[in-house]
Amino acid sequence: MNTKDFAIRKIAFAPLMGESPKGGWTNEIRPEDSVHTLIAVHTESGIIGYGSVFTNGGLVEAALKLLEPLYLGENALEPERVTEKLHQNTFWMGRGGTLTHTISGIDIALWDLLGKALDQPVARLLGGVYRRRAMPYCSVLMEEPGLMRDVAADAKGQGFHALKIGWGPFGRRDDSKLDEAIVKAARAGFGDDTKLFVDAGGSDAFWPQGLRWAIRTAQMLADYNVGWFEEPLRPDALEDFIELRRQSPVPIAGGEVLTRRQAFTTWLTRGAFDIVQPDATKVGGISEQRRIAWMAEEFGIRYIGHGWNTAIGVAADLQISAAMPHTDIVEFIGGSAYVDGLLTTPFKLDADGYLEIPMAPGIGVTLDPEKVARYSPSAASLFAA
Ligand SMILES: [Mg+2]
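Residues numbered from 1 in each chain as written. Predicted model: local features only at pLDDT ≥ 70, side-chain atom pairs only at ≥ 80, totals over all residues.

Caption draft 1: The domain arrangement of the protein, seen in detail. Considered domain by domain, the protein is made up of domain 1 (3–121 + 371–380) and domain 2 (124–356). In this structure, domain 1 and domain 2 have C-alpha centres spaced 24 Å apart. In this assembly, 37 residues from domain 1 lie in contact with 33 residues from domain 2. Contributions of two or more residues to the side of domain 1 that touches domain 2 are made by strand S2 (36–43), strand S3 (48–53), helix H2 (79–88), helix H3 (98–118) and helix H13 (369–375). Broken down by element, the residue count for the side of domain 1 that touches domain 2 peaks at 11 residues, all from H3. Here the side of domain 1 that touches domain 2 is composed, by residue class, of 16 nonpolar, 15 polar and six charged. (Domains from an automatic or database assignment. Contact = placed C-beta atoms within 7 Å. Helix = DSSP H or I, 4+ residues; strand = E, 2+ residues; numbered from the N terminus. Nonpolar A, V, L, I, M, F, W, Y, C, P; charged D, E, K, R; others polar.)

As structure tokens, then:
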């Protein structure tokens, strides 16, 4: 192999629009909003690597322009070094924000490219394959109890064995009876013999609840055999997370809004989480995610990825889950066109409710240009040589 052929020639991007799913946010996402953007790293070899960024296409465009002098001509076969170069040289320009999110997509694309160049799945390049399948948990928004039961039953009907309900009215109406009724309805609709998780969505704008609510609510969730309680507090309330974890009968999860591995150190060393959920499409990519996951491992904290937002994000999460000893579950948004509608071979649950982890080269999935074009006016630039 001539490594000169793998000099980065250009990085293209394509914002996804038209079917953006609701996030449960106070300022709700509209279908036409761009909040996820695909990235393609092009090299002289003709091999293209694909990544995904959790942010708006205009922000990705601006970030790529700023980063271009740093990545043009770089060796695409060295993801961790090239990504670190981008991080280290952007300390004044908004590290941790749009730049870090965009670097995340570049990093995922570089790993994809390296895998394709070496004819190996990324999981093997990350050190080895602990598992060949992972359980996707279907992530849905909370609804009023009647509808919640139907939504949960529908997820079960689709073959999911794990369900997460989040955001919506939960914790936002100061009505603990309503909160409990929602969880009860989801449990009834999804069944007793299944995994059920609850996500308060405390990173939403002006999250109103504090530690006492979180402790009381955690006790209620234990009655419904809830597997974890996610983001029950404001995302920067470190001391309250530590205290909640000491008192809660159910595991405490969080970390989806943190970016850069350095931001996780305090949360992991102080024991703020039972489960840490970095998002590969914004935290710094696979390189950063792997390091956070292994740091968590040393502290007995479970790593579960949050890259659910596009098919490329899910594919990256599956590769990392294969390469981690205790990550047999991945987040999977129910009914999103950006997950179900972009690949030549869509993800498919097996009879036990698992996804097979693709062992094809790179992140193991193939974007379908015609399908991507349905959701992005600049889709063609991703695939053009
Ligand atoms: Mg969440």
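Caption draft 2: Broad picture of the pairing of strand S1 (residues 8–16). The element S1 is largely enclosed, with a buried count of seven among its nine residues. In terms of strand pairing, S1 meets S2 through eight bridges, oriented antiparallel. When the sheet's bridge partners are listed, proline 15 is paired in S2 with threonine 37. (Buried ≥ 20, exposed ≤ 12 C-beta atoms within 10 Å, placed from the backbone. Pairing = 2+ DSSP bridges.)

Caption draft 3: The nonpolar core, seen in detail. Judged by nonpolar contacts, the single largest core of 119 residues is most densely connected at Ile39, Val41, Leu163 and Ala186. If one sorts the elements of this core by residue count, H3 sits on top with 10 residues. Those residues in contact with valine 41 that lie beyond four places of it in its chain are Ile8, Ile11, Ile48, Gly49, Ala76, Ile106, Ala109, Leu110 and Leu113. (Core = buried A, V, L, I, M, F, W, Y, C linked by C-beta atoms within 7 Å.)

Caption draft 4: Spatial organisation of the sheet that holds S1. Ordered by their spatial adjacency, three strands build an open sheet running S1-S2-S3, and the pairing between neighbours is antiparallel. The open sheet has two free edges, formed respectively by S1 and S3, since each of these has just one partner strand. Averaged over all pairs of adjacent strands, the angle between strand axes in this sheet comes to 20°, irrespective of strand direction. (Axes fitted to C-alpha atoms, helices over the stretch in contact; angles between N-to-C directions.)

Caption draft 5: Structural detail: H2. Restricting attention to buried positions, one finds in H2 the residues Pro79, Val82, Thr83, Leu86 and His87. All buried residues of H2 project into a common sector of 140° when viewed along the axis, lining one side. Of the residues in H2, the exposed ones pointing more than 90 degrees away from the buried face are Arg81 and Gln88. Where H2 is buried, its residues touch helix H1 (57–71), H3 and helix H10 (285–298). (Arc of directions from axis to C-beta.)

Caption draft 6: Looking closely at the packing of H1 against H2. Running from N to C, H1 and H2 point in directions that differ by 125°, and their axes come no closer than 10 Å. Regarding the angle of H1 to H2, the classification is oblique. As for how H1 packs across H2, the hand of that crossing is right-handed. Residues Leu67, Leu70 and Tyr71 of H1 lie in contact with H2, whose contacting residues are Val82, Lys85 and Leu86. Here the residues of the contact of H1 with H2 sort into five nonpolar, no polar and one charged. (Parallel < 35°, antiparallel > 145°, perpendicular 65-115°, else oblique. Left-handed = near helix turned anticlockwise from the far one by under 90°.)

Caption draft 7: Local environment of the environment of threonine 366. Relative to the assigned elements, threonine 366 resides in the loop between strand S12 (355–356) and H13. It is 9.5 Å that separates the C-alpha atoms of threonine 366 and alanine 311, two residues lying 55 residues apart in sequence.

Caption draft 8: View of unusual backbone geometry. Its identity as a non-glycine residue notwithstanding, aspartate 174 has a phi of 55°, on the positive side. We note that glutamate 231 has phi near 40°; this positive angle belongs to a residue other than glycine. In this structure, glutamate 231 sits in the loop between strand S7 (229–230) and helix H8 (238–247).

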